[in-house]
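A closer look at the structure
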Amino acid sequence: MKSNTNDLLTRGLEIKLEADLDKDFGKKIAKIAHGEKLFGCIQCGNCSAACPLSVWMDYTPRKIIAMVRAGFRDEVLSNRTIWLCASCYQCTVECPKGIKITDVMYALKREAIVNKIYPKNFPVPILAKAFFNEVKRTGRINEATLLLSYYWRYNIFKMLSYSTLGLKLFLKGRLSIFERGMKNKRDFKKLLHEEA
Amino acid sequence: MKYVYFPGCSLKSSGMQYEKSLLSVFKKLNVTVEEIEDWNCCGATNYMSINETYAIGITARNLALAEKQGGDEIIAPCAACYMGLLKTQNYVSSDPEIRQNVCKELTKTGLSCQFKIKIRHPLDLLVNIIGIDAIKNAVTNPLKGLKVANYYGCQLIRPISTFDDVYNPQTMDKIAKALGAQTIDWPLKTRCCSGSMTSTMPDIGARMNFEILKDAKSRGAEVVLTACPLCQFNLECFQGKISRQFRENIKMPVMYFTQLMGIAFGIKEKELGLHQMLSPALELSL
Ligand code: SF4
Ligand code: SF4
C-alpha cells in the first residue's frame, strides 16, 4: 500500500526546487486565455471528474490548473495531456469558480507550438498542424487531402487501416478527391499574413 | 428576416446528407436560406490550438461576408462552426483590443463588420422560430413510437450557446416527439464523441463512441439522432471497428435529425441522402 501511495505522489513529477519554477507562467497563461480567474481555483476537482478524457491523461485538468499556477511550465507544455483535451467544454461548465479551463488548454497548446516543445510524433498536434496548413492552402478542408497530409507526416502505414472506410465513403459519394476551394484566396491569405 | 447559411466544410463532403436533408426540410417548411458567398473554413478546434489571431480572423471573415450579403441571421448546422462563430463574436464584442485588430485585418481585404448578426443553429430556428406546430403539420408519415436517442454532443449546447439546457437539452427531443417518435432519457446525450480523436487516437475514440452507442442501445433506442457532422461521422462510420475492438455487435442507425424529419415529411430518400449512409438508416424509411 505504502509504495503505491508513493508512486501516485511522484508519478511524472520530478522533485523541483522553487527556484526552478517559472513564476510568471500562470499570469501569462491567464492573460492569453482571457482567464484571470485561474488564480481562484479551489482545487475541487470538478473539472477532472467531468472530463471524459481525464482517465487517459497524465495530469488531469485540476492538476494542470495547479501546475500552471505554480509555474511548472516545461512539464505542462511538453505533456501529452493538453493534446488529449478535445475542447468539449464540460470542465468549463462544471467549474464552480468560472474558470475557462478549455481556453486555458487552448492557450497551453499554442504556447507549446510557439515554443516548439510539444511531444514529437504525437498524432494530435500533427493533425492540428496538417489541418492548419490545409486551410491556409485552400481556404477549406477537403477530408481526403487532409488525411493524406496528416498520415504523410505521422505514419503513412497507419493509413492502410482506414483504406476500407475511405473506399466505402468514396463509393457513397461522401469523399471527394477534388478540391472545392474558395475563390478569393488572395484576400483570405491576407488574413493569415501570407502572400497569395 | 433574411437567413444566410454557413455550411462549413463537412456539409459539402462526408456530411453532405446533413445539407441535403436540412435544405429539403427547410423547403418543406418554407424557410429560405442563401449560402454565404465564398465562405471559408471556420478553423474548427485546430486553428484555436495553433494561433488565436488567425482563428478569430478567418471566422470573422465569414461574419463579415454574411453581413455584406444582407443577412439578419446566420444558420450554422455544424456544432463546431456554430460554436466558432459564437466564440468569435463574443471575443470581438467583449474585448476592444481584439475587435480593433480584427477590423484592421478585415479592412485590408475590403470587408467591414458590425458583428451584430445573430448566429443560430437549425435546432434553435426550427423549435423556437418555425415552431413545433408547423413541424407537426408537415408530418405525413408519423413515426409511430419509434424509439429515438437524441445525441447533442458537446459544443452545440455549451457553454456559449443559449438556446437549450446544458445538462438536459430538449430541442431535438421536441422535434422527434412532434414526428410521432418516442424519446429515451439518457445521461450520455451531452457526452463528447472525442472529436477528431477517432483519427488521431483511434483506441480512445472507439472507447468513447462505444460507450455512447452501447448506452443508447441498452436503453432500447432504435436510432440515434445527431445535429453535428462530426458526431454523426464518429458514431456511424466506426461501428465496424468498435464492434471488433469490444467484441460486441454495436450496429445502430445514426442519422441527422433532419433526415428523420424528412422521412416523417414524406420526402424522397435521395433528397435526404439516406442512400449515402453506412449504417442501415434506410430501413427506417420503409
Ligand atoms: S473545477 Fe474549477 S475550481 Fe475546481 S479544480 Fe477545476 S479549475 Fe479548480
Ligand atoms: S474541454 Fe478538455 S479538459 Fe475540459 S472536459 Fe473537455 S476534454 Fe476535458
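Our subject is the structure that appears above.
Residues numbered from 1 in each chain as written. Chains lettered and ligands numbered in written order. Predicted model: local features only at pLDDT ≥ 70, side-chain atom pairs only at ≥ 80, totals over all residues. Heavy atoms only, no water.

Topic: unusual backbone geometry
Residues and elements named next belong to chain B.
- At the junction of arginine 158 and proline 159, the peptide bond is cis and its omega measures out at -15° in the coordinates.
- Within the fold, proline 159 resides in the loop between β5 (147-150) and α8 (171-178).
- Phi at phenylalanine 115 is positive, roughly 55°, even though this residue is not glycine.
- Tracing the sequence through the fold places phenylalanine 115 in the loop between α5 (96-108) and β4 (118-120). (Helix = DSSP H or I, 4+ residues; strand = E, 2+ residues; numbered from the N terminus.)

Digging into the nonpolar core
- Leu108(A), Leu179(B), Phe257(B), Met261(B) and Phe265(B) are the most contacted members of the largest nonpolar core, which has 174 residues in total.
- At nine residues, the largest contribution of residues to this core is made by helix α3 (residues 52-68) of chain B.
- Look past the residues within four positions of Leu179(B) in its chain and what remains in contact with it is Ile135(B), Val139(B), Pro142(B), Leu143(B), Leu260(B), Met261(B), Ala264(B) and Phe265(B). (Core = buried A, V, L, I, M, F, W, Y, C linked by side-chain atoms within 4.5 Å. Buried < 20%, exposed > 50% of the residue type's maximum accessible area, 1.4 Å probe, protein only. Contact = heavy atoms within 4.5 Å.)

Digging into the interface of chain A and chain B
- Taken together, the contacts link 55 residues of chain A with 64 residues of chain B.
- Note on chain A versus chain B: buried area summed over both sides is about 5,300 Å², and carbon and sulfur give 64% of it.
- Applying the counting rule to chain A against chain B returns four salt bridges.
- The partner of Asp103(A) in a salt bridge is Lys87(B), and the shortest N-O contact between them spans 2.6 Å.
- Linking chain A with chain B are 22 residue pairs in polar contact (both at pLDDT 80 or more), by the criterion used here.
- For the side of chain A that touches chain B, the secondary structure elements donating two or more residues are α6 (81-84), α7 (90-94), α8 (101-114), α9 (123-138), α10 (143-154), α11 (163-171) and α12 (185-191) of chain A.
- The element contributing the most residues to the side of chain A that touches chain B is α9(A), with nine residues.
- Per-class residue counts for the side of chain A that touches chain B are 32 nonpolar, eight polar and 15 charged. (Buried area = accessible area lost by both parts, 1.4 Å probe. Salt bridge = Lys/Arg side-chain N within 4 Å of Asp/Glu carboxyl O. Polar contact = N/O pair within 3.5 Å; in protein donor to acceptor, adjacent residues only side chain to side chain. Nonpolar A, V, L, I, M, F, W, Y, C, P; charged D, E, K, R; others polar.)

Some points on the sheet that holds β5(B)
Residue and element names in this part refer to chain B.
- Spatially, β6-β5-β7-β8 is the arrangement adopted by the four strands of the open sheet, whose pairing is parallel. Sheet topology places β6 (182-183) and β8 (254-256) at the edges, where each strand pairs with a single neighbour.
- By the bridge criterion, two bridges tie β5 to β6 in an arrangement that is parallel. From the neighbouring strand, valine 148 faces β6, where its bridge partner is threonine 183. (Pairing = 2+ DSSP bridges.)

As for the site of ligand 2
- Among the 13 residues in the neighbourhood of ligand 2, the closest are listed as Cys51(A), Cys85(A), Cys88(A), Tyr89(A) and Cys91(A).
- Going through the elements one at a time, α7 and α8 of chain A are the ones with two or more residues in the shell around ligand 2. (Near = heavy atom within 4 Å.)

Brief notes about a positive patch on the surface
- Together, Lys116(A), Lys120(A), Lys129(A) and Arg153(A) give the surface a local cluster of positive charge.
- With respect to the helices and strands, Arg153(A) occurs in helix α10. (Patch = residues over 30% accessible without salt bridge, like charges linked within 9 Å, V, L, I, M, F, W, Y side chains within 5 Å. Areas by Shrake-Rupley, 256 points an atom, 1.4 Å probe, with all protein chains shown as cover. Lys, Arg positive; Asp, Glu negative; His and termini not counted. Charge placed at Lys NZ, Arg CZ, Asp CG, Glu CD.)

Nothing here speaks to function; it is geometry throughout.
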